[in-house]
Amino acid sequence: MGKLFPAFQKLEGRRVVIVGGGDLAARKARLVAAPDVDLRLVWTCFSPAVVEEWAGRATMIDRSPVASDFDGAALAFVALDDELEAARFGAMAQSAGVPVNVVDRPEISDFFTPSIVDRGDVVVAISTTGAAPALAKRLRAQIETLLPRRLGALADFAKSFRGAVSGTLAPDRRRAFWERVFAGDIAATFLAGDEATARERMITSLNAPDAPPRGVVHIVGAGPGDPELLTLRALRLIQEADVILYDRLVGEGILDLARRDADRIFVGKAKADHAAPQDDINERMVALAGAGKIVVRLKGGDPFVFGRGGEELEALKAAGVDCHVTPGITAALGCAASAGAPLTHRDFAQAVTFVTGHAKGDAEPDLDWRSLAALRQTLVVYMGVETAPRISQRLVEAGMNAETPVAVIENGTRDDEKILTGTIAGLGDLVSTGDIAGPALLVIGETAAFARPTFTRDVARERRSA
Ligand SMILES: C[S@@+](CC[C@H](N)C(=O)[O-])C[C@H]1O[C@@H](n2cnc3c(N)ncnc32)[C@H](O)[C@@H]1O
């Protein structure tokens, strides 16, 4: 087959004829159906499913097609299993001057239907010239993940300003203006769902087209480590960013997804190393946004779960910087899934509680031990490795059964994940002898017994039986 030329066909007010009465015909009908398309299904019999789906939405002509059915049609599809009949009706459409697609018969078809990514006015069509339809489907799935859900609405939004832009800017300046709109804060604000602000910004930039562009900061959750656990939006924002400020906990491989020319700035804090205090990070983000950059502040897990995302959002808002938050999979969810330990369970845990085990100086975590020791819940402790012995002691003192299962999950969802299991009484020893060096969670409660250990050691029990 020679090279194909892609073109987009107007169907508004036009007739489209589909020859066939079964599932194949229904699939083609779904591709072209629209309120302003004169859709006709012609065949000797229609399956009950086709009647149910299309009666009232298309003209259904219950007989063998005749030449006049194709008169004035924009397109025709022949969706029949019988090869001879398919060829006959394909030729009938062609004699009437109508381009035809005979399903699965490229040699007698005039056009092919591509794999389509549909975002309203924005449509991406993919063809492999019939060489590998399965590959086209894969590409479609990949493109689906990259294009924002509100892209079609963004195109409509832009259309509503087309007249104003043409009336305000000379032709040679329009292109640069639109590029700024789509690459900058206006599109980011619109795609984040704030159409009213995007509209105001559009009017402001039309009134002052030479003003420097506004930047924007996206506070983005990178998930617990495995890049495949990024959300689609996180992936898109990482790929669009001019600058990425990232933490120590952002998983390996995630920064590789950024544009090659994006600046990557490490602002993570290793314990006891306060090289980049929070105020500096905030100031840096404000300065970068002020310079018109699209900034992604990438944080491990979810930005609003023990992630200081709230503080950063407040600081950015106070400085008048546009800021949007994209959630991520928090460590508790990622680790639980990876270890196979549900956080709630109809028989064992009706609640789940996330707490921080962090303690200032030598003090112990400031927690309500009695309520945490209550039965029938799963307790997940973030940043609790150092205080694990104290946590174990306090929970048992507060009435938790010493045999309550625990799991310690280090580097959850990453290649070097380690899972230790034991009991609450032995938690301190489990952590100290388990050589835990990376980020780790303590999961406490009956559900922890489901965790699939990579290493099991109930040190307390070993001691008792020694
Ligand atoms: C400052 S908190 C950040 C939490 C993050 N915002 C979240 O939602 O997961 C850091 C703590 O999260 C936990 N953590 C983060 N990633 C982890 C992982 N991949 N495996 C186990 N624990 C993790 C550890 O307890 C670590 O000390």
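Residues numbered from 1 in each chain as written. Predicted model: local features only at pLDDT ≥ 70, side-chain atom pairs only at ≥ 80, totals over all residues. Heavy atoms only, no water.

Visitor: Go over the overall build of the protein chain, please, and point to the residues and values.
Guide: Along the protein chain, the regular secondary structure elements total 17 helices and 18 strands. Computed over C-alpha atoms, the radius of gyration of the protein chain comes to 30 Å, more than 25% over the 23 Å expected from 2.2 N^0.38 for 466 residues, which places it beyond the range of a compact globule. Taking the principal axes of its C-alpha atoms as reference, the protein chain extends roughly 90 × 60 × 40 Å. Across the 466 residues in the protein chain, those meeting the buried criterion constitute 44%. For the protein chain, contacts bridging at least 24 residues in sequence account for 65% of all contacts bridging at least 6. Carbon and sulfur atoms provide 53% of the accessible area of the protein chain, an area that totals close to 24100 Å². Between the mean site of the 54 positive side-chain charges and the mean site of the 62 negative ones, the protein chain shows a separation of 2 Å. (Helix = DSSP H or I, 4+ residues; strand = E, 2+ residues; numbered from the N terminus. Rg over C-alpha atoms; globule rule 2.2 N^0.38 Å. Buried < 20%, exposed > 50% of the residue type's maximum accessible area, 1.4 Å probe, protein only. Contact = heavy atoms within 4.5 Å. Areas by Shrake-Rupley, 256 points an atom, 1.4 Å probe, with all protein chains shown as cover. Lys, Arg positive; Asp, Glu negative; His and termini not counted. Charge placed at Lys NZ, Arg CZ, Asp CG, Glu CD.)

Visitor: Go over the environment of glutamate 85 with me, naming the residues and quoting the values.
Guide: With respect to the helices and strands, the residue glutamate 85 is situated in helix α3 (residues 83-95). Of the residues examined, glutamate 85 reaches a relative accessible area of 27% and is grouped as partly exposed. Separated by 100 residues in the primary sequence, glutamate 85 and aspartate 185 have C-alpha atoms spaced 56 Å apart. When sequence neighbours within four positions are dropped, the list of residues in contact with glutamate 85 reads Trp43 and Leu80.

Visitor: Can you explain the site of the ligand? Please cite residues and give values.
Guide: The environment of the ligand is formed by 20 residues, the closest being Asp302, Val305, Thr330, Ala331 and Ala440. With respect to the ligand, the backbone of glycine 300 contributes an N or O atom lying 3.0 Å from a nitrogen atom. Between the ligand and methionine 383 there is a distance of 2.9 Å, counted from an oxygen atom to a backbone nitrogen or oxygen. In the complex, 89% of the free accessible area of the ligand, which totals 570 Å², lies under the protein chains. Listing elements by their share of the shell around the ligand, those giving two or more residues are α13 (331-339) and β17 (440-444). Here the residues of the shell around the ligand are counted per class, giving twelve nonpolar, six polar and two charged. (Near = heavy atom within 4 Å. Polar contact = N/O pair within 3.5 Å; in protein donor to acceptor, adjacent residues only side chain to side chain. Nonpolar A, V, L, I, M, F, W, Y, C, P; charged D, E, K, R; others polar.)

Visitor: Break down a negative patch on the surface for me, citing the residues and quoting the values.
Guide: Taken together, the side chains of Glu252, Asp256, Asp415 and Asp416 make up a negatively charged region of the molecular surface. Mapping aspartate 416 onto the fold places it in the loop between β15 (405-410) and β16 (418-423). (Patch = residues over 30% accessible without salt bridge, like charges linked within 9 Å, V, L, I, M, F, W, Y side chains within 5 Å. Salt bridge = Lys/Arg side-chain N within 4 Å of Asp/Glu carboxyl O.)

Visitor: Hey, could you go over the pattern of salt bridges for me, with residue numbers and the actual values?
Guide: Under the definition given, this model contains 27 salt bridges. Between arginine 140 and glutamate 144 there is a salt bridge whose closest N-O contact spans 3.1 Å. Note that arginine 140 and glutamate 144 are positioned in helix α4 (residues 133-146) at a spacing of four residues, about one turn of the helix. A relative accessible area of 29% places arginine 140 in the partly exposed class.

Visitor: How would you summarise the domain arrangement of the protein chain if you had to cite specific residues and measurements?
Guide: A common way to state how big an interface is: give the accessible area lost once the parts meet. Looking at the assigned domains, one finds that the protein chain contains domain 1 (15-113), domain 2 (215-329) and domain 3 (332-465). Between the C-alpha centres of domain 2 and domain 3 the distance comes to 29 Å. Listed per partner, the contact involves ten residues of domain 2 and twelve residues of domain 3. In total, about 820 Å² of surface goes out of reach between domain 2 and domain 3, with carbon and sulfur atoms giving 67% of it. The interface formed by domain 2 and domain 3 holds zero salt bridges in total. Our count for the domain 2 to domain 3 interface comes out at three residue pairs in polar contact (both at pLDDT 80 or more). Tallied by class, the residues present in the side of domain 2 that touches domain 3 amount to six nonpolar, two polar and two charged. (Domains from an automatic or database assignment. Buried area = accessible area lost by both parts, 1.4 Å probe.)

Visitor: Residue-level account of a nonpolar patch on the surface, with values.
Guide: A cluster of nonpolar side chains, namely Phe306, Leu333, Val352, Phe354 and Met383, defines an oily patch on the protein surface of about 410 Å² accessible area. Relative to the elements of secondary structure, leucine 333 occurs in helix α13. Take leucine 333: its relative accessible area is 45%, and that puts it in the partly exposed class.

Visitor: Quick one: what's the story with the sheet that holds strand β2 (residues 38-42), residue by residue and with numbers?
Guide: Strand order in the open sheet formed by five strands is β3-β2-β1-β4-β5, and the pairing between neighbours is parallel. Two strands bound the open sheet, and with one partner strand each, they are β3 (59-61) and β5 (100-102). Averaged over all adjacent pairs, the angle separating strand axes in this sheet is 15 degrees, with direction ignored. Where strand β4 (residues 73-78) and β5 come together, three bridges link them in parallel fashion. What sits directly across from phenylalanine 77, in β5, is asparagine 101. Each of β1 (15-19), β2, β4 and β5 touches helix α1 (residues 23-32); the most contacted strand, β1, lies at about 165 degrees to it. Sheet contacts for α3: β1, β4 and β5; angle to β5, the most-contacted strand, approximately 175 degrees. (Pairing = 2+ DSSP bridges. Axes fitted to C-alpha atoms, helices over the stretch in contact; angles between N-to-C directions.)

Visitor: Help me get a handle on the side chain of asparagine 282, residues and values and all.
Guide: Examined against the element boundaries, asparagine 282 turns out to sit in helix α11 (residues 278-290). Among the residues examined, asparagine 282 registers a relative accessible area of 12% and is labelled buried. Beyond its immediate chain neighbours, meaning those up to four positions away, asparagine 282 contacts Glu312 and Ala315.

Visitor: Tell me what's going on with the side chain of arginine 105, and back it up with residues and numbers.
Guide: Its location among the elements puts arginine 105 in the loop between β5 and β6 (115-119). Looking at arginine 105, the relative accessible area reads 17%, which means it is buried.

Visitor: Residues and numbers for the environment of threonine 128, please.
Guide: Counting through the fold element by element, threonine 128 comes out in the loop between β7 (122-126) and α4. Given a relative accessible area of 18%, threonine 128 falls into the buried group. The contact partners of threonine 128, leaving out residues within four places of it in the chain, are Pro133, Leu135 and Ala136. Reaching out from threonine 128, the side chain makes a polar contact with the backbone nitrogen of alanine 132 at a distance of 3.0 Å.

Visitor: So what about the sheet that holds strand β8 (residues 216-221)? Which residues, and what values?
Guide: Within a beta sheet, neighbouring strands are joined by backbone hydrogen bonds and run either parallel or antiparallel to one another. Strand order in the open sheet formed by five strands is β10-β9-β11-β8-β12, with parallel pairing between adjacent strands. With partners counted over all chains shown, the strands left at the sheet margins are β10 (263-266) and β12 (323-326), one partner each. Across this sheet, the average inter-strand angle for adjacent strands is 20 degrees, counted without regard to direction. Alignment of strand β9 (residues 243-246) against β10, held across four bridges, turns out to be parallel. Following the sheet pairing, leucine 245 is matched in β10 by isoleucine 265.

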